[in-house]
Amino acid sequence: MSRPLPSVFDQALASAVRAPSPHNTQPWRFAVRPDTVEVWLDRERVLAVADPAGREARLACGAAAFNLQICLRANGFATLVRMLPDPAEPALAVTVRLDGNQKSTAAERRLAEAVFRRHTNRRPLLDKAVPPAARVALKAAALDEGGQLEFLDASGRYTPVASLVRQAEALQAEDPEFRRETAFWTQRDASSPDGVPKTASGPPPRGHGVVSLRASHENRDLPEREYEREPLLGVLLTRDHGPYAEVRAGMAMQRVLLTATAEGLATSFLSQPFETPRTREALAALFAGLGQPHTLLRIGYGYPARLTARRPVEDVLTRHGDVNA
Ligand SMILES: Cc1cc2nc3c(=O)[nH]c(=O)nc-3n(C[C@H](O)[C@H](O)[C@H](O)COP(=O)(O)O)c2cc1C
């Protein structure tokens, strides 16, 4: 097989690090071999309080692997993706291997291009419904990667889920360890290569909406604003659960987020209920029969927010073998 031009791996890695991660911890490392990129979970960057099992970190690694793969595909390379390929190395989340050439599709190129525009938008959404065609596209994106996206307005689960978000937010606000960890990673200066900068936070809400974004992500330098009352919420599920399902869910989540970006939609996360055991169990019980819930997304139209920084690719990369890219 012909070797890829070095710039192709470089671009794919630059795409990989644009993936979302909890508090922008970027819990990944990459190892580049002549025809393979490995995505490793970086345990030192797993949130010890919010994410002790590394669940959210595996979602982030899956998202990074999706970005890698879609960039290679958009550049005409076929890829073979294996999730948790080595039982002896549970930190090896994904391998993406080059598998010859293929003609890229317009859909692949559209998603690859959206990687550099996608961002978490914590600002108020506009009062404009997400049209049926966009919903279909988002659901299809999840299915393409072995996930399932359930919109809550259609399911009668909206109120109980919104209530779990509020309960978890209250529990976390009372927990000094949680507050300490969140404070460490948020309200950063815009030049910080990791963590969530103030510039990526939303204005404080005026009044109470049905769902609450994290209070720790408010930018109190901004005047209060009214938020949408009932944003569209989507839960991403997989049939199975456990580490493998979490990596897969991360890939599906990223395809959904990039599809949303390509459709002109803003997205943000409501992860609070996944991060306290009681609300996580209640959430799983609500979706019993449908699948294992992994993440909760808020989706709608909004004005774009700022992109956040990433550590340079060279800081998260190891090169092996005959790779001089
Ligand atoms: C698994 C996961 C959970 C997240 N949970 C939240 C959350 O609860 N609230 C929030 O505002 N952002 C959340 N985020 C978004 C990250 O903070 C965001 O991806 C990171 O700061 C990088 O910014 P970007 O997405 O704009 O590139 C989450 C991201 C991931 C991958």
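Relevant structure appears above.
Report follows, based on the coordinates. Residue numbers restart at each chain and count upward from 1, following the sequence in its written direction. Where totals are concerned, whole chains, interfaces and linings use all residues; where local detail is concerned, this predicted model gives features only for residues with pLDDT of at least 70, and gives and counts side-chain atom pairs only at 80 or more. As a rule here, side-chain values come from all non-hydrogen atoms in the structure, and water together with hydrogens is ignored.

Another aspect to go through is the side chain of histidine 119. Under the DSSP-based scheme used, a helix requires at least four consecutive residues in state H or I and a strand at least two consecutive residues in state E, with every element numbered from the N terminus. Mapped onto the elements of the fold, histidine 119 is located in the loop between α3 (106-114) and α4 (132-144). Assessed through its relative accessible area of 16%, histidine 119 is described here as buried. One polar contact links the side chain of histidine 119 to the main-chain carbonyl oxygen of arginine 117, over a distance of 2.9 Å. Within 3.5 Å is the distance limit for a polar contact, defined as a pair of N or O atoms, with the added protein rule that one can donate a hydrogen and the other accept it, and that residues adjacent in sequence qualify only through two side-chain atoms. For histidine 119, the side chain forms a polar contact with the main-chain nitrogen of alanine 305, separated by 2.9 Å. Partly exposed residues are those whose accessible area sits between 20% and 50% of the maximum for their type, while under 20% is buried and over 50% is exposed, using a 1.4 Å probe and protein chains only.

Only the six-membered ring of Trp is used, alongside the rings of Phe and Tyr, when aromatic pairs are assigned; centres must lie within 6.5 Å, and planes under 30 degrees apart are stacked while those over 60 apart are edge-to-face, with the rest tilted. For the structure shown, the criterion picks out 2 aromatic pairs. Look at phenylalanine 184 and tryptophan 185: their rings are 5.3 Å apart centre to centre, the planes differ by 90°, and that puts the pair in the edge-to-face class. According to the relative accessible area criterion, phenylalanine 184 is exposed, its value standing at 55%. Over the aromatic face of tyrosine 301 sits the side chain of lysine 128, whose NZ or CZ is 4.1 Å from the ring centroid. Each ring is checked for a lysine NZ or an arginine CZ that lies within 6 Å of its centre and within 35 degrees of its normal; such an atom marks a charge sitting over the ring. A cation over an aromatic ring shows up here: arginine 135 above the ring of phenylalanine 151, its NZ or CZ 5.0 Å from the ring centre.

Before going further, it helps to spend a moment on the pattern of salt bridges. A pairing counts as a salt bridge when a side-chain nitrogen of Lys or Arg comes within 4 Å of a carboxyl oxygen of Asp or Glu. Scanning the entire structure with this criterion turns up 19 salt bridges. The salt bridge involving aspartate 194 is made with arginine 45; its shortest N-O contact spans 3.0 Å. Of this pair, aspartate 194 sits in the loop between β6 (186-188) and β7 (196-197) while arginine 45 is found in the loop between β2 (36-41) and α2 (55-74), placing the two residues 149 residues apart along the sequence. Salt bridges linked by common partners bring Arg45, Arg188 and Asp194 together as one network.

We place a 1 Å grid over just the protein atoms. Points where a 1.4 Å probe fits but has no way out form a cavity, open points with protein on both sides within 12 Å along at least 5 of 7 lines form a pocket, and any residue with an atom within 4 Å of a point lines it. Grid points are joined across faces, edges and corners, and a volume is the space filled by probe spheres set on the points. According to the stated counting rule, one finds 2 cavities of 30 Å³ or more in the structure shown. Estimated volume of the largest cavity: approximately 540 Å³. Lining the largest cavity are 34 residues, and of these Ser21, Pro22, His23, Arg122 and Phe269 lie nearest its centre. Put simply, the parts of the chain that give the lining of the largest cavity at least two residues each are α2, β9 (266-269) and β10 (292-300). Each residue is assigned to one of three groups, with Ala, Val, Leu, Ile, Met, Phe, Trp, Tyr, Cys and Pro labelled nonpolar, Asp, Glu, Lys and Arg labelled charged, and all others, Gly among them, labelled polar. Grouping the amino acids of the lining of the largest cavity by side-chain chemistry returns 13 nonpolar, 12 polar and 9 charged.

The values reported here are purely geometric and, on their own, carry no functional implication.
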